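The lines below spell out each chain.
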Amino acid sequence: MTKTDIVGLKGSRSFPIGQEDVEKVDLKYNVRHFKEAPLSKSAQDVDLIDLDTIDLSLFKDGPENLSARKELAAKVEKSLSTYGFIALENHGISIEEFDHLRSIAQSTCELPEEIQKKHLAGAMKSDLEDRSKSLGGERGAGFKPRKYWSMKNGVEDSIVLYNFREMQQPKFFDTDHNNYPELVLHHLPEIATYFRKLHNEVLRKLTILCDIVLELPKGFLWENYFKVVEDDYVNSGHGFGRFMFYDELNKEDEKKVDKNWLRGHSDSTGFTFITSQPILSLQIRDYFTGKWKYVGHKPGGLIVNIGDSMEFITGGYFKSSIHRVVSPPEDQRGYRRLVLIYFCNPKYPAVLDPEPLNSPKLQRLGIGKPGEWDKITFKEWDEEKGRLFGKKAVNDSPGDEPNLVLLYGRLHERWHQAESKFNLEEARKRFNIIEI
Ligand SMILES: [Fe+2]
């Protein structure tokens, strides 16, 4: 019997489940290759954003490699200050690792509802959630079952997701503390390894490129916002992982939600990492035109987007863009969309405004903390915003946009950030804003 070493923990610890047991469990839950959709023929005809791609193999530490890092940083700046999205290649995660995790994710999300109910992240419906008691189906560890979110015109979602929390910390392996389904439990080492690589290797490099953009000392963002300190839950960067599995909505429901499988929204994260996939469904609301554009596929690539936290930390210079998921073209019908997501967050007490950065770049651009913003921490923003998504009062609106909500002097999603004259006063004139 072989045992797997747990990556990223101090000391040598082994995961106490042997390979033979893992194979038995895989057979029991029909763990198999996830079949991706073929590329759509209509990819040439739709409006695609060709995201800039960073080749992370060109990133090397050391002063002798500064000019190479500066070249990468220039691309990062162009993308993150406009679309808020960028693609990464040669990031150190192999196609085999992605395939392996996708096969586990597929079988996890296919677990029957009676098993899902034993491992719920929150309530069965968003509107029934008592968020004073839990993080809810949105953010908590475990399943968000299908039909949890209320969309519009009485339609409910067709997405199953399973969330992981604290993958960066030893507690992730504590089975007294966590209630994992049998299948997930047997694959904790690979799941932890994936998310730890994303955090400690890929994210660290990306934050160093952002330091260059913002003219901060090397490692400033990493050390002050994202670094993980073992067993220190206050002073550590965080993140939560997700297996997310989209099934088609039926035709009637699809009409009622204008083909939106997941409505336009911004993430509250620092950075979000998703696996690129061939199914043509992810759209970004174009920074320059406000029109929806598809994100093309980068085989083996990661797509990264800025979330609210990095937008606020940079005083709005980096854009937490609105994105959504729509039904794919006809030739990809019948295929499911499976995404591995890492929502990467700064430490809970991190202040979400640009003052702590003292960035010469932002100062030169005249970017500071807007007067109407309350001083808030990541924890405050994340908790309040987490309460809103999937709520009928927010989502049941006539057009693309949800009803806007004002939290701590900031709109919960900035749908009009590209309009030069758009401000809070203007928003109040044009929209019915829910004030909390
Ligand atoms: Fe998102």
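Residues numbered from 1 in each chain as written. Predicted model: local features only at pLDDT ≥ 70, side-chain atom pairs only at ≥ 80, totals over all residues.

Labelled according to an unreviewed UniProt entry, the protein appears under the name Fe2OG dioxygenase domain-containing protein, originating from [Candida] railenensis.

A closer look at the sheet that holds strand 17 (residues 410–411)
As summarised here, the arrangement of the 3 strands in space is 17-16-18, forming an open sheet in which the pairing is mixed. The two strands at the open ends of the sheet, each matched to only one other strand, are strand 17 and strand 18 (434–435). Relative to strand 18, strand 16 (residues 405–407) runs parallel, the two being bridged by 2 bridges. In the strand pairing of strand 18, Leu406 is matched with Glu435. (Pairing = 2+ DSSP bridges. Helix = DSSP H or I, 4+ residues; strand = E, 2+ residues; numbered from the N terminus.)

Describing helix 7 (residues 188–214)
Taking 1.5 Å as the rise per residue, helix 7 with 27 residues should run 39 Å; its terminal C-alpha atoms sit 37 Å apart, in good agreement. When the local axis directions of helix 7 are compared, the greatest deviation, roughly 35 degrees, occurs at Leu203. For helix 7, the buried fraction is high: 19 of the 27 residues fall into the buried class. Remark: Glu215 follows helix 7 within two positions and exhibits a positive phi of approximately 60 degrees. (Expected span 1.5 Å × (residues − 1). Bend = angle between axes of the 7 residues up to and from the residue. Buried ≥ 20, exposed ≤ 12 C-beta atoms within 10 Å, placed from the backbone.)

A short note on the UniProt feature "domain: Isopenicillin N synthase-like Fe(2+) 2OG dioxygenase" (unreviewed entry) in the protein
Here, UniProt's "domain: Isopenicillin N synthase-like Fe(2+) 2OG dioxygenase" (unreviewed entry) annotation points to residues 259–346. Helix makes up 7% of residues 259–346 and strand 42%, whereas the separation of the span's terminal C-alpha atoms amounts to 33 Å. (UniProt positions renumbered as here; feature names shortened; annotations may be inferred.)

Some details on helix 2 (residues 66–80)
Because each turn of an α-helix spans 3.6 residues, side chains separated by three or four positions end up pointing in the same direction. Taking 1.5 Å per residue, 15 residues should reach 21 Å; helix 2 reaches 20 Å between its end C-alpha atoms and fits that length. Of the residues making up helix 2, those classed as buried are Arg69, Ala73, Val76, Ser79 and Leu80. Down the axis of helix 2, the sector holding all buried residues measures 120 degrees, keeping them to one side. Of the exposed residues in helix 2, the ones pointing more than 90 degrees away from its buried face are Ser67 and Lys70. (Arc of directions from axis to C-beta.)

Some words on the nonpolar core
Ranked by size, the top nonpolar core spans 90 residues in total, and within it Ile86, Phe245 and Val304 carry the most contacts. When near neighbours in sequence (up to four residues on either side) are disregarded, Val304 contacts Phe85, Ile86, Leu88, Leu206, Phe271, Thr272 and Phe273. One finds Tyr148, Trp149, Met151 and Val155 within the second-largest nonpolar core, a separate group that totals 5 residues. (Core = buried A, V, L, I, M, F, W, Y, C linked by C-beta atoms within 7 Å. Contact = placed C-beta atoms within 7 Å.)

Details of the packing of helix 2 against helix 7
Put simply, helix 2 and helix 7 touch, their axes get as near as 8 Å, and they point 80 degrees apart. The angle between helix 2 and helix 7 falls in the class roughly perpendicular. Together, Arg69, Lys70, Leu72, Ala73, Val76 and Glu77 of helix 2 and Ile208, Leu209, Cys210, Ile212 and Val213 of helix 7 make up the contact between the two elements. By residue class, the composition of the contact of helix 2 with helix 7 is 8 nonpolar, no polar and 3 charged. (Axes fitted to C-alpha atoms, helices over the stretch in contact; angles between N-to-C directions. Parallel < 35°, antiparallel > 145°, perpendicular 65-115°, else oblique. Nonpolar A, V, L, I, M, F, W, Y, C, P; charged D, E, K, R; others polar.)

Quick notes on the pairing of strand 8 (residues 238–246)
Counting buried positions along strand 8 gives 8 out of 9 residues, so the element sits mostly inside the fold. Sheet analysis places strand 7 (residues 159–165) next to strand 8, joined by 7 bridges and oriented antiparallel. Within strand 8, the position partnered with Arg165 by the bridge is Phe240.

Some remarks on the sheet that holds strand 15 (residues 337–345)
Spatially, 4-5-13-10-15-8-7-6 is the arrangement adopted by the 8 strands of the open sheet, whose pairing is mixed. Two strands bound the open sheet, and with one partner strand each, they are strand 4 (53–55) and strand 6 (142–144). Neighbour-to-neighbour, the strand axes of the sheet open up by a mean angle of 25 degrees, direction not taken into account. Bridge analysis of strand 10 (residues 271–275) against strand 15 gives 4 bridges, and the strand direction is antiparallel. Pairing of Phe273 across the sheet is with Tyr342, part of strand 15. Contacting strand 7, strand 8, strand 10 and strand 15, helix 3 (residues 95–109) runs over the sheet at an angle of about 105 degrees to strand 15.

Re the environment of His238
Relative to the helices and strands, His238 resides in strand 8. Separated by 76 residues in sequence, His238 and Tyr162 have C-alpha atoms that sit 17 Å apart. In contact with His238, not counting residues within four places along its chain, are Asn345 and Lys347.

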